[in-house]
Amino acid sequence: MGNSAVKEVDEENRSLDISCKLTPQQYVKHVSGDFIDGCLAALPWEIYYNTVSLYEKVNASFNFINEIPEELSLHVPHLRSLNLSHNQLTTLPASFHLLLHLRSLDLSHNRLRTLPDSLTRLPQLHTLNLASNALTELPPTISRLYCLRKLNVSDNQLRSLPGSLTELPDLSVIVTRGNNLIHPPQAICDTGSQATLHFLRERHSPPPQPSMGRTGVFVRVRGQQVAASVNNPESASVEYRQAQNTARTSKRKCPLMPPASASSLTSDQLTDMLLGLFYGLAIGDAMGLGTEALTVDECAFHYDPDTISLEDRVRDYLRVHFAPNDWSSGTDVVLLLLESVMRWGGVVDELEFGSAVGRWLTLGIEALDTQPGHPLSPYTLKVVSSEDYSSNPHSAAQTVCTQVKEERARGIFNANPSDNACLPTALILGVPSFYLSHEVEMNAERICRATHTDAIASAACVFLALLVSAFLQGKASDDADSLPGLIQNIKEQVVERLCDKSNKEKFLAAFHSEDGGFLHDSEPNDVMISISLVVKALTTKDWDFKQEVISVVMTGGDGTCGHASVIGGLLGALVGYSHLPQDWLSQLPPNNIKLMNSKLNLLLDLFGLP
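On a predicted model such as this, the values are computed, not experimentally measured, just so you know. Each chain carries its own residue numbering, running from 1 in the direction its sequence is written. Local features in this predicted model are restricted to residues whose pLDDT is 70 or higher, and side-chain atom pairs enter the listing and the counts only when it is 80 or higher, whereas totals over whole chains, interfaces and linings include all residues. Excluding hydrogens and water, the side-chain figures rest on all heavy atoms present in the structure.

S.K.: What is the right way to read the side chain of Thr331 from this model?
M.R.: The numbering of helices and of strands both runs from the N terminus, where a helix is a DSSP run of H or I of at least 4 residues and a strand a run of E of at least 2. As for its placement among the helices and strands, Thr331 is situated in helix α9 (residues 329–343). Contacts: residue pairs with any heavy atoms within 4.5 Å of one another. Among all residues touching Thr331, those that are not within four sequence positions of it are Leu281, Ala282, Asp285 and Met596.

S.K.: Looking at this structure, how should I read helix α16 (residues 483–495)?
M.R.: At 3.6 residues per turn, the α-helix brings residues three or four places apart onto the same side. Expected span of a helix: the number of residues minus one, times 1.5 Å. For α16, which comprises 13 residues, the first-to-last C-alpha distance of 18 Å matches the rise-based estimate of 18 Å (1.5 Å per residue) to within 8%. On its buried face, α16 sits against α15 (455–473), α17 (501–509), α18 (527–538) and α20 (560–575).

S.K.: Looking at this structure, I do not really get the packing of aromatic side chains. What am I missing?
M.R.: The geometry of an aromatic ring pair comes down to the distance between the two centres and the angle between the two planes. A pair of aromatic rings is counted whenever rings of Phe, Tyr or Trp (Trp by its six-membered ring) have centres within 6.5 Å, and the orientation is called stacked for planes under 30 degrees apart, edge-to-face for over 60 and tilted otherwise. Tallied over the full model, the rule gives nine aromatic pairs. Judged by centre distance (5.7 Å) and plane angle (45 degrees), the ring pair of Tyr27 and Phe62 falls under tilted. Of this pair, Tyr27 sits in helix α1 (residues 24–31) while Phe62 sits in the loop between β3 (57–59) and α3 (72–75); the two residues are 35 residues apart in sequence, bridging distant segments of the chain. Summarising the burial analysis for this pair, Tyr27 and Phe62 share the class buried. Ring geometry for Phe463 versus Phe507: centroids 6.4 Å apart, planes at 75 degrees, classification edge-to-face. A residue pair is termed long-range when its members are at least 10 positions apart, and Phe463 in helix α15 and Phe507 in helix α17 qualify at 44 residues. Only protein chains enter the accessibility calculation, which uses a 1.4 Å probe; a residue is then buried when its area is under 20% of its type maximum, exposed when over 50%, and partly exposed in between. Since its relative accessible area comes to 0%, Phe463 is described here as buried.

S.K.: In this structure, what is going on with the state of the cysteines? I would like to understand it.
M.R.: Between two cysteines, a covalent bond joining their sulfur atoms is known as a disulfide. In what follows, a disulfide is any cysteine sulfur pair within 2.5 Å. On inspection of all chains with the given rule, the structure shows zero disulfides. As a non-bridged cysteine, Cys39 has Cys20 as the owner of its nearest cysteine sulfur, 3.2 Å distant. Of the cysteine sulfurs around Cys461, a residue in no disulfide, the closest is that of Cys448, at 3.6 Å. Cys461 gets classed as buried once you look at its relative accessible area, which sits at 1%.

S.K.: Can you help me understand the environment of Gly557 in this one?
M.R.: Examined against the element boundaries, Gly557 turns out to sit in the loop between α19 (545–553) and α20. You can call Gly557 partly exposed: its relative accessible area is 21%. Setting aside residues up to four positions removed in sequence, Gly557 forms contacts with Thr291, Glu292, Ala293 and Leu294.

S.K.: Explain the nonpolar core to me, please; I cannot follow it from the model alone.
M.R.: We call a set of buried residues a nonpolar core when its members are Ala, Val, Leu, Ile, Met, Phe, Trp, Tyr or Cys and they connect through side-chain atoms within 4.5 Å of each other. Grouped together as the largest cluster of nonpolar side chains are 124 residues, with contacts concentrated most on Phe463, Leu464, Leu467, Phe471, Phe507, Leu538 and Leu570. The element that contributes the greatest number of residues to this core is α15, accounting for 15 residues. When neighbours within four sequence positions are excluded, Leu570 is seen to be in contact with Leu427, Leu464, Leu467, Val468, Phe471, Val534 and Leu538.

S.K.: I would appreciate a short explanation of the pattern of salt bridges in the present structure.
M.R.: Pairs can form between side chains of opposite charge once their charged atoms are near each other. One speaks of a salt bridge when a side-chain nitrogen belonging to Lys or Arg is within 4 Å of a carboxyl oxygen belonging to Asp or Glu. This structure, assessed with the given rule, holds 14 salt bridges. Across the pair Glu298 and Arg177 runs a salt bridge whose closest N-O atoms are separated by 2.7 Å. Highlighted residues: Glu298 in helix α8 (residues 296–302) and Arg177 in the loop between β8 (173–175) and α4 (186–189), separated in sequence by 121 residues. Classification of Arg177 as partly exposed rests on a relative accessible area of 39%. Where Lys405 meets Asp454, a salt bridge forms, and the shortest distance between an N and an O atom there is 3.6 Å. Of this pair, Lys405 sits in helix α12 (residues 393–409) while Asp454 is found in the loop between α14 (437–448) and α15, placing the two residues 49 residues apart along the sequence. Residue Asp454 is classed as buried on the basis of its relative accessible area of 14%. In the salt-bridge network here, residues are joined through shared partners; they are Glu339, Arg343, Glu352 and Lys599.

S.K.: What exactly am I supposed to notice about the packing of α15 against α20 here?
M.R.: Two numbers describe a pair of packed helices, the interaxial angle and the distance between the axes. At their nearest, the axes of α15 and α20 sit 10 Å apart, and the two run at 15 degrees to each other. Considering the angle they form, α15 stands roughly parallel to α20. As for the relative orientation of α15 and α20, their crossing is left-handed in sense. Contact with α15, carried on its side by Leu464, Leu467, Val468 and Phe471, involves Val566, Leu570, Ala573 and Leu574 of α20 and no other residues of that element. Residues are grouped as follows: Ala, Val, Leu, Ile, Met, Phe, Trp, Tyr, Cys and Pro are nonpolar; Asp, Glu, Lys and Arg are charged; all remaining types, including Gly, are polar. Broken down by class, the residue content of the contact of α15 with α20 amounts to eight nonpolar, no polar and no charged. Angles here are taken between N-to-C directions and fall from 0 to 180 degrees, while the axes themselves are lines fitted to C-alpha atoms, restricted in helices to the stretch in contact. In what follows, roughly perpendicular refers to angles from 65 to 115 degrees, roughly parallel to angles under 35, roughly antiparallel to angles over 145, and oblique to any angle outside these ranges. Crossing handedness: left-handed means the near helix sits turned counterclockwise from the far one by under a right angle, and right-handed means the same turn made clockwise.

S.K.: Would you mind going over the environment of Trp327 with me for this structure?
M.R.: Within the element layout of this structure, Trp327 appears in the loop between α8 and α9. Sequence-wise, Trp327 and Cys561 are 234 residues apart; in three dimensions their C-alpha atoms are separated by 8.9 Å. Discounting residues that sit within four places of it in the chain, Trp327 has contacts with Ala282, Asp285, Ala286, Leu289, Phe322, Asp332, Leu335, Leu368, Leu588, Asn592 and Met596. Counted as a polar contact is a pair of N or O atoms within 3.5 Å, where, for protein atoms, one must be capable of donating a hydrogen and the other of accepting one, and residues adjacent in sequence contribute only when both atoms are in side chains. Here Asp332 takes part through its side chain, which lies 2.9 Å from a polar atom of the side chain of Trp327.

S.K.: Looking at this structure, how should I read α1?
M.R.: By the burial criterion, the buried members of α1 are Pro24, Tyr27 and His30. Each buried residue of α1 lies within a common arc of 115 degrees when the element is viewed along its axis, so the set occupies one face. Directions drawn from the helix axis to the C-beta atoms are what define this arc.

S.K.: Can you help me understand the environment of Leu145 in this one?
M.R.: Positionally, Leu145 belongs in the loop between β6 (127–129) and β7 (150–152). When the C-alpha atoms of Leu145 and Thr127 are compared, they prove to be 10.0 Å apart, with 18 residues separating the residues in sequence. Other than its neighbours up to four places away in sequence, Leu145 contacts Leu119, Thr120, Arg121, Leu122, Leu125, Leu128 and Leu168.

S.K.: Whenever I open this one, the packing of α16 against α17 confuses me. Can you help?
M.R.: Close contact between α16 and α17 brings their axes to 11 Å; oriented N to C, the two are set at 165 degrees. It follows from the interaxial angle that α16 and α17 lie roughly antiparallel. Handedness of the α16/α17 crossing: right-handed. On α17, the residues touching Lys491, Val494 and Val495 of α16 are Lys504, Phe507 and Leu508.

S.K.: Honestly, the confidence of the model for the protein chain in this entry has me stumped. Any pointers?
M.R.: Do not read the fine detail of predicted coordinates wherever pLDDT is low. What pLDDT reports is the predictor's confidence in each residue, on a scale of 0 through 100. On average, residues of the protein chain carry a pLDDT of 85, and 85% of them reach 70 or more. Confidence, read as mean pLDDT per element, is least for helix α6 (residues 237–245) in the protein chain (42) and greatest for β6 (97). Across residues 205–250, where pLDDT falls below 50, the model places 162 contacts with residues more than four positions away in sequence or in other chains.

Rendered as structure tokens:
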């Protein structure tokens, strides 16, 4: 019996975590049914033997548990959240309905063939995840789950959904992907929860065989508001003030120090903006990783937009490549570029960048973990994995782009050479020499072409870099009223770079969409979707960092990390580090914060900022 799963007990929050922590390789084996050393084959005795526990949350996922003892409900009477996903359960005990306070239950990735009667009698259950089992029907008695709000029955063997689901007054999210439904037709279910429920309510007739779904256990954990400010006692604040009052600069110690006339911002404002740019990008990226590649219904199923946090992230094959609460590969690559720029005193070099990305792909970032880099973009992975990438990234990227376009035309390789994986680094390229627009344009284009040679992608990167440089110059006031004019000027400057008429039209279309929705009809992670969302977020009357990031994150889809990191970075720069949500910030892993702080300390030194 495996019994070496790590036990984490949080007495303050009355939670117990006995889930098995798996590597991506172990995850694949576990899902295939192979036993992994260290996984539990049964719940530990302490949960249900000779004691009454005050646990409210228990996470026993990713083990090989095949039976839940009858005594469970007697010894954890206060249980509110139970995660038994990725186990070997075929049934539940008859006494299961005695868990009177259970609100969230995750039974996904087990071996349930039928829904036990005891499960349909849980009086407070509002979130139920039954995804990836072997269910062929849902019983009409599911209507007894009167408080049910979210139901996930994806990846089962359902042919129909019971009409009794319409008797659940609060049911608003139902995920059915991966079944072969006839009633309602799968095509209707694939359009979303509202269409599915509308179909059922119109007919109101219980079908013979229902479906099962995956429950996202929503654990409402409020992080401590840890101040992650960058203490910089060795900064060149005296030199900065001298440089502002005289024309003297020290390029040896502060090679990125701008001339006195470069910005209308004070040194404190410039510092707050730089820190807000990097941390806003990282937070947006980390939040986006929670819903990357999920459907809208799956986002609504797993997360509550009013309480969503980094602590809530679901675990699946995509997210198991990243540590809990981690940011994605996008921020990793941003830090690689930043380190390269600082090492060369502000000089941007695509060969140095390509070499750094090549090492990261094999070794990852040593200060964070020992896992290799894991690009979310299939296209980027194909580019940086090419044989001559480190020695000639521009040529390698152009060759791959041509190949991919040919493969896409033949339906062989479904990757997008104009996806938004290139955009987060574009924000950083607005920082060095931010007061020289021609250098900002040149740097943004050169680094973009190191992975994405598509003209639209290049234009989008230049647009974002120029936007950041304008912010640092102080051209954006502390409200959104001045931004439409600024955006218009930069748009006109960038569109002149595009020679092809269709590319110009596509680029300009992003600035005329109120919500970017029409762009989702073509490429789901096109760079222009990001630009459209950026324009919408920046021109909103009152900047609300959390609300704007959440609205993007809760739509899910491919490219969510890119959308959220770009919007997070730009809004973070505008509102400043001092106004970023401290609860989200403090939920980033300590090693990530430590690494980011060390990089930003050096950046401030190179700028000569206090």
